[in-house]
Amino acid sequence: MTARMILRSGRGTLAFAASVTLVAIWGLTGLAGSQEADSGQVALQQLRNRGQAQFEEKLYAQATQIFSEVVESPDATAQDYLNLALARFRDRNHEGAMEALREAGARDDSHPGVPFLTGLIAKRAGQFEVAREELERAQQLDPSDPAINYNLGAVYTQLGDTDAALAEFDQVTALGFDIALQHYVSSLYQHFQILLRRGEREAAEPEIEDYRISIRRLSQAARAPVALEQSIHAQIRVPSSSLLPSMAANAGSLSMQERPAIDALPGRPYHLVVSDFNADEHPDVVATASEGTVWLSSPSGLEPQPLAAPTGPAGAGDFDRDGWPDLYIASPQGDILLRNSMGDLGTEEARPVSPATMTPLFEEVDAGALPAGGSPTSVLWVDYDHDGDLDVLITHDALDGVPVSDRLIRNQGGGVFLDVTEAAGMGSARRSLGALWGDFDVDHDVDLYVWGGESNALYTNLRAGRFRDIATAAGAAGPGGTRAAIVEDLDNDGYLDIVLAASAGFTVLRNTGQGTFLPVEAAGLSSLTGGANADIEVADWNNDSYLDLVLSTEGGLRFLANEGGFRFIPFEPGSFEVPSADPDADNRPEVVQRPLML
């Protein structure tokens with residue numbers, strides 16, 4: 001039997017076919033600088049990156065510890081102190097947060113984040129006059145931030161100044177839902193509540209109806225009180241300028257931690273999906289098969305629960321924006337959409353401690369005429385039309401030797417999906433193994449990269465729900481036979497590059513920033529042969545802001561540290577074996593599953 005190892009880094013979670021256990025990479029040991037002349041700056045940047053990663057994982061105590069080390073540096077900035085204040089604030093250490101905010105303000109008295117966060121702390125403490133003074137100062141520094149305006153309006157409401165409160169809520173709602181999001185919805189609510197208390201029911205009615213519609217567009221996470229304290233000025237930020245890459249030896253300083261084992265997987269074929277389905281900040285695992293299983297994390301480890309679902313590639317995405325990852329499974333017998341019902345169990349305290357005592361995690365949704373037939377190979381959740389709802393792209397290999405088209409399914413809302421493949425300009429028959437999305441031409445919309453077969457496709461977004469394949473013209477078609485791909489900015493120039501993994505080897509396509517790609521002879525990478533297990537994934541192993549690579553090659557698993565300029569140096573992260581496996585029985589053994597960013 002095989003299971004999946006989970007390698008966890010600051011960037012997310014990577015899944016590998018492996019035996020017996022789950023393994024996590026939690027961080028680095030012994031972070032030394034790279035070049036001696038820049039060792040202090042490199043070490044400082046690494047600490048900042050680690051702190052940001054811990055904060056994003058909601059490990060606020062660990063983030064606090066790391067940012068405390070950052071501010072000990074003589075090169076610490078006002079933003080470094082604000083980062084520390086944010087970590088302490090989220091860790092509910094308000095006194096420590098205020099201490100860091102005073103230091104941040106002494107270094108930069110023009111940063112809106114300092115009075116904003118100070119105002120939030122006063123607001124939490126019920127010191128509304130202090131909160132008003134601080135938030136008004138934040139508003140003077142940035143009059144257009146919906147978070148500042150909303151929280152100032154909430155403070156005015158507490159102080160009984162409802163006219164001033166209405167004016168602030170009006171400023172937020174004037175921005176519209178797409179910009180102000182949760183602050184728009186909450187401003188609507190606060191606004192019509194004031195009108196109702198004044199007896200102005202008729203004036204409140206349109207706002208009540210708008211609120212009923214808008215609240216359904218927010219995810220469960222965006223409805224939480226903490227979401228109303230989020231501002232562009234109260235975010236963890238690290239310097240945007242990249243440092244020189246670290247030495248490969250530093251990338252090898254990875255600490256490994258064993259995770260609970262998956263007892264048994266179903267007989268082949270099966271497909272695996274990793275996501276945090278029960279929102280406990282630990283990865284869960286789903287195997288889709290005729291006798292599928294869901295393994296949910298719990299205090300005692302991963303606990304299994306049966307899953308009645310067809311065998312086929314699957315993807316996790318929150319289609320109904322309730323804050324819980326759902327599951328789309330593509331199958332020749334007919335695709336199905338499974339809704340995560342965890343949110344229906346009520347508050348966290350009301351949910352069972354053990355997943356074994358839960359009702360089934362997923363329930364099938366009548367989503368309209370989902371595709372059937374074909375030979376599905378992957379599922380990609382992507383909001384291609386920018387309407388706020390996740391849509392689905394299902395890639396297909398040849399069926400009985402005959403290429404078929406991929407399928408693009410648009411989320412219509414209310415659990416209904418519509419096949420828009422032909423209307424979107426993606427109806428051409430091809431052999432596809434996978435897909436990723438990104439903004440390749442930096443025009444602020446979603447483009448799609450699909451690989452497999454004789455050449456790959458780059459679908460540029462024409463807006464209005466249509467795409468055009470420009471791969472050949474843009475130099476992004478690749479040499480053919482691509483088994484896996486990544487889309488990342490490897491040289492830190494602000495443009496997404498492409499790396500292709502094929503049996504014959506690995507190909508790097510550099511994004512010129514002019515709408516074209518050029519093949520690059522990547523030192524340390526171009527000489528490797530992929531073989532039957534060819535696959536690829538990325539992570540910043542050494543926290544130097546340059547993305548490193550992990551490859552499945554003909555010679556086994558290879559880790560490569562990014563030296564910059566598309567030069568890569570091999571390193572060994574530690575001793576562990578990753579045997580090849582073919583869980584879906586398609587004669588294409590897998591090692592690295594597609595990105596699983598949790």
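The present account deals with the structure reproduced in this document. Remember, predicted model here, so these are calculated numbers, not experimental data.

**A short note on the overall build of the protein**
And step 1. Looking only at helices and strands, the protein has 13 helices and 28 strands in total.
And step 2. Residues counted as buried form 55% of the 598 residues belonging to the protein.
And step 3. Looking at the protein alone, contacts between residues at least 24 apart form 52% of all its contacts between residues at least 6 apart.
And step 4. In the structure as shown, the protein presents an accessible area of about 25100 Å², 49% of it carried by carbon and sulfur atoms.

**With respect to the sheet that holds strand 15 (residues 407-413)**
And step 1. Spatial ordering of the open sheet is given by 13-14-15-16, a layout of four strands whose pairing is antiparallel. Two strands close off the open sheet at either side, each with one partner strand: strand 13 (376-382) and strand 16 (416-419). Looking at each pair of strands side by side, their axes are set apart by 25° on average, direction ignored.
And step 2. Sheet analysis places strand 13 next to strand 14 (residues 391-396), joined by six bridges and oriented antiparallel. Paired with Leu380 across the bridge in strand 14 is Leu393.

**Brief notes about the pattern of salt bridges**
And step 1. In the structure shown here, the tally under the stated rule is 21 salt bridges.
And step 2. Its salt-bridge partner being Glu229, residue Arg124 comes within 2.8 Å of it at the nearest N-O pair. A residue pair is termed long-range when its members are at least 10 positions apart, and Arg124 in helix 5 (residues 113-124) and Glu229 in the loop between helix 11 (201-215) and helix 12 (248-251) qualify at 105 residues.
And step 3. On the basis of relative accessibility, which here comes to 9%, the residue Glu229 falls in the buried class.
And step 4. Among the ionic pairs, Arg198 bridges to Asp163, the shortest N-O distance being 2.6 Å. Separated by 35 residues along the polypeptide, Arg198 in the loop between helix 10 (182-197) and helix 11 and Asp163 in helix 8 (residues 162-175) bring together distant segments of the chain.

**Structural notes on the environment of Asp544**
And step 1. By the secondary structure assignment, Asp544 is in the loop between strand 25 (535-539) and strand 26 (548-553).
And step 2. Judged by its relative accessible area of 1%, Asp544 falls in the buried class.
And step 3. Between the C-alpha atoms of Asp544 and Leu47, which are 497 residues apart in sequence, the distance is 9.4 Å.

**Overview of the nonpolar core**
And step 1. The biggest cluster of nonpolar side chains holds 52 residues, and the ones touching the most others in it are Phe67, Leu86, Leu101, Phe116 and Leu117.
And step 2. The next biggest cluster of nonpolar side chains, apart from the first, holds 19 residues, and it includes Val499, Ala501, Ile536 and Leu551.

**A few points about unusual backbone geometry**
And step 1. Positive phi values are uncommon outside glycine, yet His444 reaches one of about 70°.
And step 2. Structurally, His444 is set in the loop between strand 17 (434-438) and strand 18 (447-451).
And step 3. The backbone of Asn492 sits at a positive phi, close to 55°, despite the residue not being glycine.
And step 4. Along the chain, the position of Asn492 falls in the loop between strand 21 (482-488) and strand 22 (497-502).

**Side note on the packing of aromatic side chains**
And step 1. For the structure shown, the criterion picks out 13 aromatic pairs.
And step 2. Residues Tyr189 and Tyr211 carry aromatic rings whose centres are separated by 5.5 Å and whose planes lie at 45° to one another, so their mutual orientation is tilted. Of this pair, Tyr189 sits in helix 10 while Tyr211 sits in helix 11, and the two are 22 residues apart along the sequence.
And step 3. Here the aromatic residues Tyr189, Phe192 and Tyr211 are joined through ring pairs into a cluster of three or more.

**Concerning helix 8**
And step 1. Compared with an ideal rise of 1.5 Å per residue, which puts 14 residues at 20 Å, helix 8 spans 20 Å between its outermost C-alpha atoms and is within 8% of the ideal.
And step 2. Among all positions in helix 8, only Ala164, Ala165, Leu166, Glu168, Phe169 and Val172 are buried.
And step 3. Just downstream of helix 8 lies Gly176, where phi reads positive at about 90°.

**Focus: helix 5**
And step 1. For helix 5, built from twelve residues, the straight-helix expectation of 16 Å at 1.5 Å per residue is met to within 8% by its first-to-last C-alpha distance of 16 Å.
And step 2. The element helix 5 is largely enclosed, with a buried count of ten among its twelve residues.
And step 3. Where helix 5 is concerned, the buried positions are Gly113, Val114, Pro115, Phe116, Leu117, Thr118, Gly119, Leu120, Ile121 and Ala122.
And step 4. Positioned one or two residues after helix 5, Gly126 has a phi angle of 80°, which is positive.

**Observations concerning the sheet that holds strand 26**
And step 1. Pairing in this open sheet of four strands is antiparallel, and the strands run 25-26-27-28 from one edge to the other. In this open sheet, the two strands that pair with only one neighbour each are strand 25 and strand 28 (567-571). Mean inter-strand twist for the sheet, computed between neighbouring axes without regard to direction, equals 30°.
And step 2. Here strand 26 pairs with strand 27 (residues 556-564) via five bridges, running antiparallel. By the bridge assignment, Leu551 is partnered in strand 27 with Arg558.

**Here we look at the environment of Ala484**
And step 1. Turning to its location among the elements, Ala484 is positioned in strand 21.
And step 2. When the C-alpha atoms of Ala484 and Ala435 are compared, they prove to be 8.8 Å apart, with 49 residues separating the residues in sequence.

**With respect to the pairing of strand 28**
And step 1. Here strand 27 runs beside strand 28; their pairing, made up of five bridges, is antiparallel. Within strand 28, the position partnered with Leu560 by the bridge is Pro570.
And step 2. Hairpin connection between strand 27 and strand 28: a loop of two residues separates the two successive antiparallel strands, and Gly565 in this loop has a positive phi of roughly 65°.

**Topic: the packing of helix 2 (residues 60-70) against helix 3 (residues 78-90)**
And step 1. The contact between helix 2 and helix 3 brings their axes to 8 Å, and the two run at 155°. Judged on the interaxial angle alone, helix 3 and helix 2 are roughly antiparallel. For the pair helix 2 and helix 3, the sense of crossing is left-handed. Across the interface between the two elements, Tyr60, Ala63, Thr64, Phe67, Ser68 and Val70 from helix 2 touch Asp80, Asn83, Leu84, Ala87, Arg88 and Arg90 from helix 3.
And step 2. Considered class by class, the residues forming the contact of helix 2 with helix 3 number six nonpolar, three polar and three charged.

**Some remarks on the packing of helix 10 against helix 11**
And step 1. The contact between helix 10 and helix 11 brings their axes to 9 Å, and the two run at 155°. As judged from the angle between their axes, helix 10 and helix 11 are roughly antiparallel. Where helix 10 crosses over helix 11, the two elements pack in a sense that is left-handed. Of helix 11, the residues touching helix 10 (which contributes Tyr184, Val185, Leu188, Tyr189, His191, Phe192, Leu195 and Leu196) are Arg201, Ala203, Ala204, Glu207, Ile208, Asp210, Tyr211, Ser214 and Ile215.
And step 2. Here the contact of helix 10 with helix 11 is built from residues that sort into twelve nonpolar, two polar and three charged.

What counts and how
Residues numbered from 1 in each chain as written. Predicted model: local features only at pLDDT ≥ 70, side-chain atom pairs only at ≥ 80, totals over all residues. Heavy atoms only, no water. Helix = DSSP H or I, 4+ residues; strand = E, 2+ residues; numbered from the N terminus. Buried < 20%, exposed > 50% of the residue type's maximum accessible area, 1.4 Å probe, protein only. Contact = heavy atoms within 4.5 Å. Areas by Shrake-Rupley, 256 points an atom, 1.4 Å probe, with all protein chains shown as cover. Pairing = 2+ DSSP bridges. Axes fitted to C-alpha atoms, helices over the stretch in contact; angles between N-to-C directions. Salt bridge = Lys/Arg side-chain N within 4 Å of Asp/Glu carboxyl O. Core = buried A, V, L, I, M, F, W, Y, C linked by side-chain atoms within 4.5 Å. Phe/Tyr/Trp six-rings, centres within 6.5 Å; stacked < 30°, edge-to-face > 60°. Expected span 1.5 Å × (residues − 1). Parallel < 35°, antiparallel > 145°, perpendicular 65-115°, else oblique. Left-handed = near helix turned anticlockwise from the far one by under 90°. Nonpolar A, V, L, I, M, F, W, Y, C, P; charged D, E, K, R; others polar.

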